[in-house]
Amino acid sequence: MKYLKNNFLSYVALICAIVVLSTGCDILSIEDRSDPNNSELNQIINNPTPSDINTLVTGTESGLREELRIYHINVGMIGREMYRFLAAEPRNTADLLGKGNSQLDAGSFYITRPWASCYSVIRNSNILIQAAKTLNEDGVFTDEEYNGVLGFAKTMKAYQYLMALTLTNENGIRIQPEEDFSSTGDVLSKADSEDLIATLLDEAATNLDDAGDNFAFSLSSGFESFNTPETFREFNRALRARVAVYQEDWIGALDDYLPESFINVNAPLGMGVYHVYSTANNDMLNPVFSDPQAGSGDSWVAHNSWVDDAENNDERIDVKVVLRDEAASLDGLSSDYGLFVYQNQTAPMPIIRNAELILIRAEALAQRNNAGDLVSLPLNY
Amino acid sequence: MRTGTFSPHPNLCTFSAEWFSQEEINWSDIYVATLGLRGDKSDRNGNVSKIYMYPKASFAWNMTNEDFWDNDAIDNLKFRVAYGQTGNLATFGAKFTSLAPSNIGGLGGTLVTNVRGLENIKPERQQEIEGGFDISVADGLASLEFTVYQKKIQDMLLQRELEPSTGFSFESFNSGEMRNRGVEVSLNLQPVSNPDFIWNSNINFWKNTSKVTDLPVPAFDVGGFGTSLGVYRIEEGKSATQIVGIDPQVDDNGNLVTDGSGNPVIVNKKLGDGEPDFQMSFGNDFQLFKNLDFSFLFHWKKGGDVINLTELLFDLNGTTPDYDDTDLTFTDFRNEAADITDDTPNGVKRTSLLGVSTDQFIQDGSYLRLREIGLYYSIPESIISKISEGIRGIRFGASATNLITISPYRSYDPEVSNFGNQPIAQGIEVAPYPSSKQYYFHLKFDF
């Protein structure tokens, strides 16, 4: 029996040997496959399809939301509007608030993650630009369609550069080379950073002027009413007005940018462009939504002074915060008010809206004129 | 041989091909030499058709088998040297720069991932040379194995942080050189061996030191929660397991350096090292009257720092056992930078240092641990045979693991890490579950 078995095995070995020899060495060669799990970059840049452009646009829009949770913790805490209490993350209340002698650390999550997320969207926009350029050169995209993509991509880049700059302020930002994936530009001064953003927005506006009546791609419902070259340009000009007031260019904001934006004193304050959220697969939920009564160790609460300093007729007190049953405290800080800006997990988050444009106008008017002149201005909206 | 390996994830199949040949020459059991060569190729490499070769060779001289050998006290004496190369493949997909799904409002989108692919990625190559001897004396009363080694790792495969403004936060790093040197000693003793009492003892000692000997890129972090809470940093000329954190800057006289407005200047410094000074284990087996077995194993790790962030969480909630004690002291410049004195309560000292220094988190992870202990009794055959002819043996007993740990470390367990058992960034502790103590009762029948 044993003999037979060994004999059988030697036949198998012989057959294998014959197979190997008859097929040459092919059985030992390995195929150079592309990434089986994801879309590979070189493919998209060198050989894109119009539907690749669409998914890149959607991915860019989606990516804008990536680290907004940390971004809001940063600006909300440092601006003393709110506290993010998280018992497992002491740096929220130590580093961000400068507790004792603690200082902001350049290597910690609160700066590295939102900063990296902005630049990831900028990279995606740069990939989008390269892919659209290939399609235009191949004659698949008309010049109008190509200009539409450029207008969108450059506006997104400018917006993300601006978000990064609001984190680093005087420390400035760096330009990301469009095609070189391995290097990064020098650190720019704050003024040069603002110029870079303004220039990008202006270039985008010119592209949008030459982009025809419709985009060759779709935008989410967050861009409802702003999803054609003409209306998207109003969004672009709104961002430009925001940059102008950062640059203290009051006259530019008032005369050049606001009139071309969607500012409308008769329209709802909430009109504008939003990040939308959903429970769908690979989508995100609003990262700032939380139970306003959540336990102290994991809660989002308003800074008490924000409530105390509000004027009598400030209606925001009734809708943006909730009086807690029990005060939340952590690390020697305390608040009686749960943060309730977003009332459910799919509540949209504004990128820019009518309310801000009206405030930009008020600010620019106040800066251009004497404060005394403001009394006569129609600011009752 | 061509192999295809499948992991549980869909679309995660790699193909590799390898061949191996080895020759052994043995001359009367006195000289034993082996030579081997292995060739590998894989589609995880940038160049899928390139064959990477890994030779190995070893030589042993068994002196006691020589004709001239006439020392009866030494049973066996063997000298050996070995050289070998091995390769580690990059992780699957490390060569691709890819876009992953990122959807919004029901639309399907793609967003570039934060890991930049390395198109020409190749395997990491490890060269090891080791030498040593084995000796046993007096009919097995004692035997000793001694080995020294040097391992050189070329084209190290690690994940490196990039300037995120490139659009990527990480890439597979595939360069540089690192060196490990170490010594391993194993001593087996049988101090007592008579029918009623057998005692076997096994003592192991091992020590390793590492150094990054070549790094063509700037130093980078490979694990941790950011510099202010301590990170492992790969840096040329330094230990591969150094722990870097923030600390106030001092001048040559050890005095605190302040900026124009009187605030301390905070800089990055090496504050510890995860590598132990050495480790030892002591195992002992006793057999009494043929039926009673008792064994235990101690493990001693001397040195090796751990980043203790568990204590920070307790401190922030004011519940650390030593919160109100004042026995913990820091150097003067740290006290000055954090506005504390030696009389400040420990808990306040440590939380005041948060954001000023990382030193308070980096603690000695030495321990002596009773890993295993067991006591068993086998019922003598004479009794079993009276109970049943079908049963050949009955054995019962009790054992336990991790029963005792003695450590200066100020948290649950110096041995566990939140980042699991990975090559470098071990020993970062944020309230993970400690190693469990386990108790077993045994009852065994042989039929």
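Residues numbered from 1 in each chain as written. Chains lettered and ligands numbered in written order. Predicted model: local features only at pLDDT ≥ 70, side-chain atom pairs only at ≥ 80, totals over all residues. Heavy atoms only, no water.

A. The arrangement of the sheet that holds strand β17 (residues 242-248) of chain B in detail. Residue and element names in this part refer to chain B. Taken together, the four strands give an open sheet; going across it, the order is β15-β16-β17-β18, and neighbouring strands pair in antiparallel fashion. Each edge of the open sheet is held by one strand with a lone partner, namely β15 (220-224) and β18 (266-273). For this sheet the average axis-to-axis angle between neighbouring strands, irrespective of direction, equals 45°. With four bridges connecting them, β15 and strand β16 (residues 231-234) associate as antiparallel partners. Note on β16: the bridge partner recorded for G223 is Y232. (Pairing = 2+ DSSP bridges. Helix = DSSP H or I, 4+ residues; strand = E, 2+ residues; numbered from the N terminus. Axes fitted to C-alpha atoms, helices over the stretch in contact; angles between N-to-C directions.)

B. Expanded view of the nonpolar core. Membership of the largest hydrophobic core comes to 100 residues, with the highest contact counts inside it found for A:I53, A:I173, A:I197, A:F223, A:F232 and A:F235. By residue number, the principal contributor to this core is helix α5 (residues 109-137) of chain A, which donates 14 residues. Among all residues touching A:F235, those that are not within four sequence positions of it are A:T155, A:M156, A:F223, A:F226, A:F262, A:V273, A:I351 and A:I352. Formed by 13 residues, the second largest nonpolar core is a distinct cluster that contains B:L271, B:L316, B:L354 and B:I362. (Core = buried A, V, L, I, M, F, W, Y, C linked by side-chain atoms within 4.5 Å. Buried < 20%, exposed > 50% of the residue type's maximum accessible area, 1.4 Å probe, protein only. Contact = heavy atoms within 4.5 Å.)

C. Representation of the packing of helix α9 (residues 250-257) of chain A against helix α12 (residues 354-368) of chain A. Residues and elements named next belong to chain A. Their axes nearest at 8 Å, the elements α9 and α12 cross at an angle of 130°. Looking at the two axes, α9 sits oblique to α12. Here α9 runs over α12; the crossing is left-handed. Between α9 and α12, the contacting residues are W250, I251, A253, L254 and D255 on the first element and R361, E363, A364, L365, Q367 and R368 on the second. Of the residues belonging to the contact of α9 with α12, the class tally is six nonpolar, one polar and four charged. (Parallel < 35°, antiparallel > 145°, perpendicular 65-115°, else oblique. Left-handed = near helix turned anticlockwise from the far one by under 90°. Nonpolar A, V, L, I, M, F, W, Y, C, P; charged D, E, K, R; others polar.)

D. Fine view of the sheet that holds strand β6 (residues 98-101) of chain B. Taking strand neighbours across the sheet as the criterion, the three strands line up as β1(A)-β6(B)-β7(B) in an open arrangement whose pairing is antiparallel. Strand pairing shows two members of the sheet lacking a second neighbour, β1 (39-40) of chain A together with β7 (110-112) of chain B, which therefore form its edges. Bridging between β6(B) and β7(B) involves three bridges; their strand directions are antiparallel. Looking across to β7(B), one finds that B:P101 is bridged to B:T110. Docked against the sheet, helix α3 (residues 50-63) of chain A engages β6 and β7 of chain B, running at close to 65° with respect to β7(B).

E. Spatial organisation of a nonpolar patch on the surface. Residues and elements named next belong to chain B. A surface patch of nonpolar side chains, amounting to about 530 Å² of accessible area, comprises Y377, F396, L443, F445 and F447. Within the secondary structure, F396 is located in strand β24 (residues 393-406). The class for F396 is partly exposed, based on a relative accessible area of 36%. (Patch = residues over 30% accessible without salt bridge, like charges linked within 9 Å, V, L, I, M, F, W, Y side chains within 5 Å. Areas by Shrake-Rupley, 256 points an atom, 1.4 Å probe, with all protein chains shown as cover. Salt bridge = Lys/Arg side-chain N within 4 Å of Asp/Glu carboxyl O.)

F. A look at the confidence of the model for chain B. All names here are of chain B. When pLDDT is averaged across chain B, the result is 87; 96% of the residues are at 70 or more. Below pLDDT 50 for its whole length, residues 1-12 participates in 26 contacts with residues either more than four positions away or in separate chains. In the predicted assembly, ipTM is 0.85 and pTM is 0.78. (pLDDT = per-residue confidence, 0-100.)

G. Quick peek at the side chain of B:S366. Residues and elements named next belong to chain B. Position of S366 relative to the elements: it lies in the loop between β22 (362-364) and β23 (367-378). Within polar-contact distance, the side chain of S366 engages the backbone nitrogen of G303 at 2.7 Å. At 2.8 Å, the side chain of S366 forms a polar contact with the side chain of D364. In this view, S366 contacts K301, K302, G303, G304, I406, S407, P408 and P414; residues no more than four positions away in its chain are not counted. (Polar contact = N/O pair within 3.5 Å; in protein donor to acceptor, adjacent residues only side chain to side chain.)

H. Geometry of the interface of chain A and chain B. On the side of chain B, 61 residues touch chain A, which itself brings 63 residues to the contact. Counting the surface lost from both chain A and chain B, the interface buries some 4900 Å², and carbon and sulfur atoms represent 55% of this. Area buried by chain A at its contact with chain B is led by A:I30, A:R33 and A:N101, which between them contribute 14% of it. Connecting chain A to chain B are zero salt bridges. At the junction of chain A with chain B, the criterion picks out 19 residue pairs in polar contact (both at pLDDT 80 or more). When contributions to the side of chain A that touches chain B are tallied by element, the ones reaching two or more residues are β1, α2 (41-46), α3 and α5 of chain A. Looking at which element gives the most residues to the side of chain A that touches chain B, the answer is α3(A), with eight residues. Class assignment of the residues belonging to the side of chain A that touches chain B gives a composition of 19 nonpolar, 27 polar and 17 charged. The sheet contact formed by β1(A) and β6(B) spans two bridges and is antiparallel. Looking across to β6(B), one finds that A:E40 is bridged to B:S98. (Buried area = accessible area lost by both parts, 1.4 Å probe.)

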